[in-house]
Amino acid sequence: MIDDIEYNTEREHLIIPEYGRHLQKMVNYAKQLPTKEERNKVAKSIINVMGNLQPHLRDVPDFQHKLWDQLFIIADFELDADSPYPTTTKEELSEKPEPLKYPQNFPKYRFYGNNIKTMIDVANTWEEGELKEALTYTIANHMKKCFLNWNKDTVEDAVIFNHLYELSGGKINLKGSDEDLTDATTLMRNKKKYSKSSSNGKKSHHKKNNNSNRNRKRY
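Here we summarise the structure given alongside this text. (Residues numbered from 1 in each chain as written. Predicted model: local features only at pLDDT ≥ 70, side-chain atom pairs only at ≥ 80, totals over all residues. Heavy atoms only, no water.)

Points about a nonpolar patch on the surface
Taken together, the side chains of Val122, Trp126 and Leu131 define a hydrophobic patch exposed on the protein surface, amounting to about 310 Å² of accessible area. Along the chain, the position of Val122 falls in helix H5 (residues 114-125). Val122 sits in the partly exposed class, given a relative accessible area of 39%. (Patch = residues over 30% accessible without salt bridge, like charges linked within 9 Å, V, L, I, M, F, W, Y side chains within 5 Å. Areas by Shrake-Rupley, 256 points an atom, 1.4 Å probe, with all protein chains shown as cover. Salt bridge = Lys/Arg side-chain N within 4 Å of Asp/Glu carboxyl O. Helix = DSSP H or I, 4+ residues; strand = E, 2+ residues; numbered from the N terminus. Buried < 20%, exposed > 50% of the residue type's maximum accessible area, 1.4 Å probe, protein only.)

Structure representation (structure tokens):
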């Protein structure tokens, strides 16, 4: 009796495990039938079984076509049967898709992020005036904050102005400006204050829920 035990490691590899081993044996049986008429008849019966095993495919458009494709895949494309749909060949299935063309951005100063470059490009399109000046200083302060996230030490405003001049293609020049950016201590303090208030809000909310549960009547 022990000698008749069959381990999964010794069995045939399941091509589509979702359908199970019994269906794969049915496909192997269909491949060995002598006449095409018998193979077509058994193939249609297998398609019905596959549809019952995968009922969610009934909501998929052309689910019958999908089932027939999976039938030939399980048969390793060795089943000589007539399909009501165009059959996919083994070569077409093994073809690798073309790589997707993702937008590749390789900024020189990655710690600023891609959004900063977008903001700078928008600022370059604005006419000179108070609005553009306010936007450029907002961008510069945000660049300083991003720089401090990368480097916890302080940073001189001149460094930010040079980077802004370079990233804007020389169109935004704050090098000779008398106005200073927000100091590093204030920027970091605002960040810590925001994170602390967020954590306190979560704690108080949790505490409130505990109180409401404590006062609730139990039957």
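We are not done yet, so read on.
Notes on the environment of Lys117
By the element assignment, Lys117 lies in helix H5. Of the residues examined, Lys117 reaches a relative accessible area of 35% and is grouped as partly exposed.

Comments concerning the nonpolar core
If you look at the biggest cluster of nonpolar residues, it comprises 24 residues, and the most contacted ones within it are Tyr112, Ile120, Met143, Ile160 and Leu164. Elements that contribute at least two residues to this core include exactly H5, helix H6 (130-150), helix H7 (157-167) and helix H8 (184-214). Counting residues per element, this core draws most heavily on H6, at eight residues. Setting aside its immediate chain neighbours within four residues, Tyr112 contacts Met143, Cys146, Phe147, Ile160, His163 and Leu167. Membership of the second largest hydrophobic core comes to 19 residues, among which are Leu23, Ala43, Leu67 and Ala81. (Core = buried A, V, L, I, M, F, W, Y, C linked by side-chain atoms within 4.5 Å. Contact = heavy atoms within 4.5 Å.)

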